[in-house]
Amino acid sequence: MNINDLPLNQLNSKSHFVIFGTGHLGVVCLNALRALKIEPSAFCDSNPDSCNTQLLNVTVKTLQQTASEHRDAVFVIAAFRHDVRDQMCKLLLDNMKDNGTFEAYFPMSLFKWYYINHVKRPIILSEFEDTIRRCFTEEGNDYNVDTSQVHINQHCTLLCKHCSNCVPYLPVRRHENSDEIIATVQGFCEIIDSVRTLTLVGGEGLLHPEIVKIMEGITKCSKVMAITIVTNGTWIPNDDVFIAMSRFGIALRISGYKDVSDKIDELASKCIEFGVVFFREARSNTFINYGTIQQQINGFKRTYEENIIVFNNCIYISREHTRVGTSILARGRWYLCDRYVILANLGAIDENTLDGTGFVSVIKNVDKQDDRKKQFLNAIMCECLPVCDHCKFPQTVIPAGEQLTCSGS
Ligand code: SF4
Ligand code: SF4
């Protein structure tokens, strides 16, 4: 099936809409339609856990339900990637017993309208429109980046025993300097052509005392399409933070760790009150087991060849079109994997003595030839990262959120 853009001027001529996808784009799509006074009939999601629930007062339905109850709907396929959109359409078709047809669109115009007219980001419009086009049309370009995290702090309200960021075990926790965070994102944007999503991560990012300043600084980067911030669902920031998220179109990704994430409903209400896009992070139900803290600090003492195997089988790494699932911006650098930053925070490696494999300094050095683009490609194409030696292999999942007994900060 060929999924074309849905032009805005045709929206009102359509009967009813079902949004396929309950992730970030699905919620953005809902807000965009509602801003145009169009109420979708349902969400459709292929994940059985999220079905028969309500998302922002819209019912989430199974594929089977959707195929039988809404086959005359216009399906808005809320996914960035072409191949994922095609898979979604195939799933729908498979569930239509008579192999019928349906109308499916990808709403690039809708997103463009929403981000430019509804979200008040202080951006250069022409650059931003170009960013949106690049993000959704998937022009084959190494400098169109799928996603990157931005490391903003290590303070947290929780002390998860198996914290992927090793927060409970850090000798010192701090909030990263806000000017340095913004300069790092700006430097990264001088290298790349577009980034689909930047995600601010901690610790608990909402604890950062200058989170509003950080949000505002990053939203000025026109090469960034979407910005999200992760919270563990235990902390309600003051209203200024919600106002900033609403104004800049920053989405809140709420992780839910069973009993410990006790403020999820309150957070969701606040988001609705202030018009903030939010969604619950389904993946947060499980953590990855990276090994004991001592194994992570000391490494597994594998050979270089063994670590190549670890790297190539890592569930986070895909170098196709620079889709680098665990990359991170921190302290003037972009790292292919966030374990660099975590291990440096832990004191297990020294950032200042690293050999340059798998990362690039994103701040321009005026005294040197500016070859950041070349270094960026080298970082993506490296065959193995030295920090892979600090990861347990094979990677396994464990339940999320088990707490150590002393309190966090
Ligand atoms: S919520 Fe838990 S996993 Fe997340 S940063 Fe805090 S301690 Fe780590
Ligand atoms: S250090 Fe290597 S194995 Fe560990 S998460 Fe990063 S890329 Fe994967």
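Residues numbered from 1 in each chain as written. Chains lettered and ligands numbered in written order. Predicted model: local features only at pLDDT ≥ 70, side-chain atom pairs only at ≥ 80, totals over all residues.

Asks: An account of the site of ligand 1 is requested, with residue identities and associated values reported.
Replies: Ligand 1 sits among Cys156, Leu158, Leu159, Cys160, Cys163, Asn165, Val167, Gly202, Gly203, Glu204 and Asn232. Among the residues making up the shell around ligand 1, the classes are represented as 6 nonpolar, 4 polar and 1 charged. (Near = placed C-beta within 6 Å. Nonpolar A, V, L, I, M, F, W, Y, C, P; charged D, E, K, R; others polar.)

Asks: Please give an account of the sheet that holds strand E16 (residues 359-361) that cites residues and values.
Replies: Through backbone hydrogen bonds, the strands of a sheet pair up, either in parallel or in antiparallel fashion. Within the open sheet, the 8 strands sit side by side as E12-E11-E10-E9-E8-E14-E15-E16. Their pairing is mixed. Each edge of the open sheet carries a strand with a single partner, namely strand E12 (278-281) and E16. In this sheet, adjacent strand axes meet at a mean angle of 25° when their direction is disregarded. Direction of pairing for strand E10 (residues 224-231) relative to strand E11 (residues 251-255): parallel, over a ladder of 4 bridges. Note that in E11 the partner of Thr228 across the bridge is Ala251. Helix H6 (residues 178-191) contacts strand E8 (144-151), strand E9 (194-201), E10, strand E14 (328-330) and strand E15 (333-335) of the sheet and is inclined by roughly 130° relative to E14. (Pairing = 2+ DSSP bridges. Helix = DSSP H or I, 4+ residues; strand = E, 2+ residues; numbered from the N terminus. Axes fitted to C-alpha atoms, helices over the stretch in contact; angles between N-to-C directions. Contact = placed C-beta atoms within 7 Å.)

Asks: How would you explain helix H12 (residues 339-346) if you had to name every residue and give the values?
Replies: Summarising burial for H12: 7 of the 8 residues are buried, a large majority. Of the surrounding elements, those touching the buried residues of H12 are E8, helix H10 (293-298), E14, E15 and E16. Positive phi appears at Gly347, one or two residues downstream of H12, with a value of about 85°. (Buried ≥ 20, exposed ≤ 12 C-beta atoms within 10 Å, placed from the backbone.)

Asks: Just give me the short version of the domain arrangement of the protein chain, but keep the residues and values in it.
Replies: Entries for the protein chain in the domain assignment read domain 1 (4-112) and domain 2 (122-399). Taking only C-alpha atoms into account, the centre of domain 1 sits 29 Å from that of domain 2. When contributions to the side of domain 1 that touches domain 2 are tallied by element, the ones reaching two or more residues are helix H1 (24-35) and helix H4 (108-118). In terms of residue count, H1 provides more of the side of domain 1 that touches domain 2 than any other element does, 4 residues in total. (Domains from an automatic or database assignment.)

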